[in-house]
Amino acid sequence: MEVVAERKRTSVGKNVRKVDGVALVCGRPKFTLDVDIPGTLVGKILHSPHAHAEIVSIDTSEAEALPGVVCILHHGNVERIPYTTAGQGWPEPSPYDSFLFDRKVRFVGDRVAAVAAESEEVAEEALRLIRVEYRILPAVFSPDEALADGAPVIHDEEDAAGIHDARRNIAAAVDIPVGDIERGFSESDVVVEATCEIPYFQHTPIEPHCTVAYFDEDGRLVIRTSTQVPFHVRRIVARALGLPMHRIRVIKPRIGGGFGTKQEIILEDVAAALALRTGRPVVMAYTREEEFVCARTRHPMRVRVRLGAKHDGTLHAVEMEALSNTGAYGAHALTVLSNVGSKTLPLYNKAPHLHFHGKAVYTNLPVAGAYRGYGATQGYFALEVAMDELAERLGMDPVELRLKNHIRAGETSPIFEKIGEGREGKPMVVRSCALEECLKVGAERIGWHKKRTEKRREGPWAYGVGMACAMQGSGITGIDMGAATIVMNEDGSFRLLVGATDLGTGSDTILAQIAAEVLGVPVEKIVVYSSDTDLTPFDVGAYASSTTYVSGTAVLRAAEEVRRQILKVAAGMLEEAPGDLELSGERVISKKTEKSVALSEVGHRATYVVDQHQIAATASFVPPESPPPFAAFFCEVAVDTETGVVRVERFVAAADCGVAIHPKLAEGQLEGAIVQGIGHALTEELLFSGKGRCLNANLFDYKIPCALDVPHIEVALVKSEEPTGPFGAKSIAEVGINGPLPAISNAIYDAVGVRLRRAPFTPERVLSALLSR
Amino acid sequence: MRLSGIKRYHFARDVDEALSLLAAYCGRAALLAGGVDLARSARGDLEGLIDITGMGLSYVRGEGGGLRIGATTTLTGILESKAAKEYLGGFLCEVLRRVAAPPLRNMATLGGAVASAHPWADIPTVLVTLGAEVRWSDEKGEHRASAEELWQRQFRKMFRNAVLTEIRLPAWEGAFAFEKLSRSACDIALLNCACGLGVEDGKIAWARVAVGATPRRGRRLTWLEDFLVGNQPGEGLWREVRDRVEAQVEVSSDRRASAAWRKAVVGPLVARTLKRAAEKMGDA
Amino acid sequence: MKIYFELNGEQQYVDIEPGESLLSLLRRLGMKSVKQGCNTGDCGACTVLVDGRAVRSCITFAAKVRGRRVTTLEGLGSVDDLHPLPEAFLEAGAVQCGFCTPGMILTAYELLSRNDDPTPEEVRAAISGNLCRCTGYAKIVRAILLAAEWKREGRWR
């Protein structure tokens, strides 16, 4: 793979203006709900008030009689087809345990029926008029309860598939032993154990889920939706509704954030069903309350880590056990569970004895799904707290302990081979790793050594510093495919068509930068069109930190093929060999003589003049490996010892994402992920009543960080060159969220000597720990 | 906002018109100033809205060292007024900067805060400490009462048929401070405290202390006020305040915080607030 | 009922439902930059300016703007003629998904109209009611400080 030498680069590595930036800052109507289609009906969902119940009867006669109500759907009038709502490649490694409408409800908020009406008011009135008779069943609200003898079976339907052990409410399970773990612990000089727990966190994208389903002039169904996975939406909606896939077009316009909750089929199936039944366009949008409870959440988890090490700090045995609450349906249950171990254990690859095991268990609570970090976040909380305890036991500096144990370029871990995405993985050697440098940079910037000895106090405020490190992946090995088509216009500009999904991450921009670099044009000459299943080639979508690495490589390959075609035409025009020509400054330039020709001339010639043909190429890429980005996190906290209030004063993150295609966008991913992580650590938690009803499904009581909550954040991009990545790039989207939970917990320990192992670290929990010290 | 049953929106020109409109609707209309509480309420039964922001009730005037604030003055209006900046060294401004966020402060009115008096709110605690007087009009005429006394009554029912007109804050010779504990930096209080001290010859001459969001609405700790008088401000006194407050203040649990935590922190919270007030006087 | 008001410099005379929100009215009139994030006044995505003051359009009754001046992001420059404040957001890399951006920019506009030399802390306080989940606020604060600098240099409208 030819790489343009760094000092000559004109696009890659530059902070170009986002291709959609101007439109966004001018408020142009680019989001899902910003279109008005005449005749659109409003769709609304009737949600279950019970955590676990059978639907004995549904009487919609009164609701249907209401003027303005056009259609009501429920289990009695739709075909019953099991599917998964998880936006994953086929075959989805999630149970097929969901139905458009089922005869049973499994959490407060579950779907009972859906109405399409002429207005929102009429739709809501209709919901109130639908009479449902429920037979209430006993419900379980934690994995422990769900696993207990005699627990009610949540998925007792006969036609579900892919559930690990439905009778015991186990959606998925993993058990990955390496070596002999108990022997490993007995051979260790020091053994520590830490169990960490996280509750229900929700992504709270500022734009709730929304979808418009309508018909084009040919009567094909078009779904315009706020999604991270347009191609999976198309396939899964086709399955759920028994429609041929080619009769469906899915378009993703600008969307207002996702973070994983939009890696899912949430409203598209219902909206499409209503549109098909009524023959009219249907718009559906979640309220903020529905967004909290009826979209997706992070998997609440309890993770236990046991570490055995030698006196010199080398890890010898690592055990990780995870108990995951997947909620009422099993989307992403297996894969998130697998990632708890697969994205954490390879980081410290020195231990020959490993055991990773765990279960994902159904409960009668909101459905957990994909959330940035995807299991690694939960895993690193426990692992990095355990490492901190180990460092203390050994009398070793926590940074030194990491330096002693972390994986380095040229090394591997047995975990890469053992755990893939719901199946076995593939062996992999890490080719780029600047974690050592990240640790040094981070430690220096926060003033680690000075602050560790300082023990600063001001009145009731005690200060401390803590650290953690993490890795993630870049795409899913052997499974994720991204593709790109580049078409040359006659004027020397280009169209870049990618299935890849920009959810605000800026992927449209960085993919254009990659193409621009190869084609020797400014980014403005690349017109990007993305995420339209009719017009763009396939891409799995935005998840698993795959877009830069996977979709980016597809773009690189397509651009190189287009370059080859251009050079062939230009060779004829300049009468030189293609091998002597290069692209630069919108021209084809000879490396040997003074001759050159403008790209516009090449385009014009190929379109109208000689040997007319369309200069274009489509390329695909499925990654044979998933090079991890690495990050080191350092934070300083102040703890009010009288009230338990924790303030994060400073947060430093140094990350190795390979080469940053767009440094500011990469920084933005880190900064945003860190603040989301601070929310996990300090304030966020969904609360439920004893009957499984969510008590704080609103932004007034589910507190996410505001601008005043954010400490002084400093991010540093530490370069490495990933030989398999486009221009040396890896990924950055997720790894940042893995740091705050353990780093803040460790900093609190440094400040006041108590370990917070249950998130969020509310003033109440902190004070309680302080008082019982 | 879910108020779809509204049939008419009125712009009242004066108090009498507002009152007669209220009467005509027989309880199915609401007065509207900023509308923040109304829009978030579940008053689906409402048919009429009576906008009272055009009745000349937006003003902030200093009078005899005290403050007169029109009921429909927005919180931002108070924050930016010269009179409020001068009152008690800008104490009211200090408090309001910690209430909600600027766009909400641009909408919310002081009268609205008095009429809703949410138990978790900061303004009621502060008004009680300051000894605020509330004035309103109903069909029987004009009335007044201290905010403290008003909130012991069925005030919400009362205000469905009355127009709040003015809030008066008396003059004080001393210093006031306010503290709150919350989940994030832009949040309601899990516990709040407002207090004022007057110091003469190095000893406390008078004290006002109120604690709110306990989770109950702000109330004065008159027993603590009595105790403080005659004592010398200082670390010794603040320690004793902590112990007494922890022992005697009633708190309970709600979904935002437990009684145990509130009990443990209310002492330090009150002590800190008093200490800050004393520091403002130069007598920490 | 009918009301007249000024929207981005142009007079409007429109029919509204008495209980309609300003958010609903503005989107109906084609101002799609005004976003609904929560409909309870908690997230700030719906923020617009009324007589130069930032308000939550989702909990403002449409009738309230009778006779007033309303500004949405569409009134602050255009694609061919960027206003310095949105341009500063672009320059600083403060726009990721862009959903919070209109409300954020208008809130910043009010701040800068009253204080053209805010400290970072003052900027944070001003936008404390505008939630963003993408950026962590870091580059948004820098964008507003950059715009303030430009304003002081005379580069403003």
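Look up a bit, the structure's there.
Presented here is a report on the structure given in the accompanying data block.

Some words on the environment of Leu32(B)
1) Next: Of note, Leu32(B) is situated in strand 2 (residues 29–32).
2) Next: Once the C-alpha coordinates of Leu32(B) and Ala12(B) are considered, the two residues, 20 residues apart in sequence, prove to be 9.9 Å apart.
3) Next: Sequence-distant contacts of Leu32(B), defined by excluding residues within four places in its chain, comprise Leu38(B), Leu49(B), Ile50(B), Asp51(B), Ile52(B) and Phe61(C).

Points about the interface of chain B and chain A
1) Next: On the chain A side, the residues contacting the 14 residues of chain B number 17 residues.
2) Next: Of the residues forming the side of chain B that touches chain A, the biggest block, four residues, is contributed by helix 13 (residues 259–281) of chain B.
3) Next: Here the side of chain B that touches chain A is composed, by residue class, of eight nonpolar, three polar and three charged.

Topic: the nonpolar core
All names here are of chain A.
1) Next: Among the nonpolar cores identified, the biggest contains 446 residues, and Leu496, Ala515, Ala655 and Ile748 are the most heavily contacted of them.
2) Next: Top contributing element to this core by residue count: helix 16 (residues 547–574), with 13 residues.
3) Next: When neighbours within four sequence positions are excluded, Leu496 is seen to be in contact with Ala484, Ile486, Leu511, Ala512, Ala515, Ile526, Val527, Val528 and Val555.

Considerations on unusual backbone geometry
1) Next: Omega for the peptide link from Ala759(A) to Pro760(A) comes to -10°, which places this bond in the cis form.
2) Next: Looking at the element boundaries, Pro760(A) is found in the loop between helix 19 (740–752) and helix 20 (763–771).
3) Next: Across the junction of Thr214(B) and Pro215(B), the peptide omega takes the value 20°, indicating a cis bond.
4) Next: Relative to the elements of secondary structure, Pro215(B) occurs in the loop between strand 11 (203–212) and strand 12 (219–220).
5) Next: Of note, Ser545(A) is a non-glycine position whose phi angle comes to about 50°, a positive value.
6) Next: When you line up the elements, Ser545(A) lands in the loop between strand 20 (526–530) and helix 16.
7) Next: According to the C-beta neighbour criterion, Ser545(A) is buried, with 28 such atoms within 10 Å.

A look at the interface of chain A and chain C
1) Next: Chain A puts 46 residues into the contact, and the matching count from chain C is 43 residues.
2) Next: Within the residue set of the side of chain A that touches chain C, elements represented by two or more residues are helix 1 (21–25) and helix 18 (663–682) of chain A.
3) Next: A per-element tally of the side of chain A that touches chain C places helix 18 of chain A first, with eight residues.
4) Next: Among the residues forming the side of chain A that touches chain C, the class breakdown is 23 nonpolar, 14 polar and nine charged.

Quick look at the environment of Ala257(B)
1) Next: Here Ala257(B) lies in the loop between helix 12 (235–248) and helix 13.
2) Next: Placed 67 residues apart in sequence, Ala257(B) and Leu190(B) show a C-alpha to C-alpha distance of 6.6 Å.
3) Next: The residues touching Ala257(B), leaving out its near neighbours within four places in the chain, are Glu764(A), Leu190(B) and Arg262(B).

Rules of the game
Residues numbered from 1 in each chain as written. Chains lettered and ligands numbered in written order. Predicted model: local features only at pLDDT ≥ 70, side-chain atom pairs only at ≥ 80, totals over all residues. Helix = DSSP H or I, 4+ residues; strand = E, 2+ residues; numbered from the N terminus. Contact = placed C-beta atoms within 7 Å. Nonpolar A, V, L, I, M, F, W, Y, C, P; charged D, E, K, R; others polar. Core = buried A, V, L, I, M, F, W, Y, C linked by C-beta atoms within 7 Å. Buried ≥ 20, exposed ≤ 12 C-beta atoms within 10 Å, placed from the backbone.

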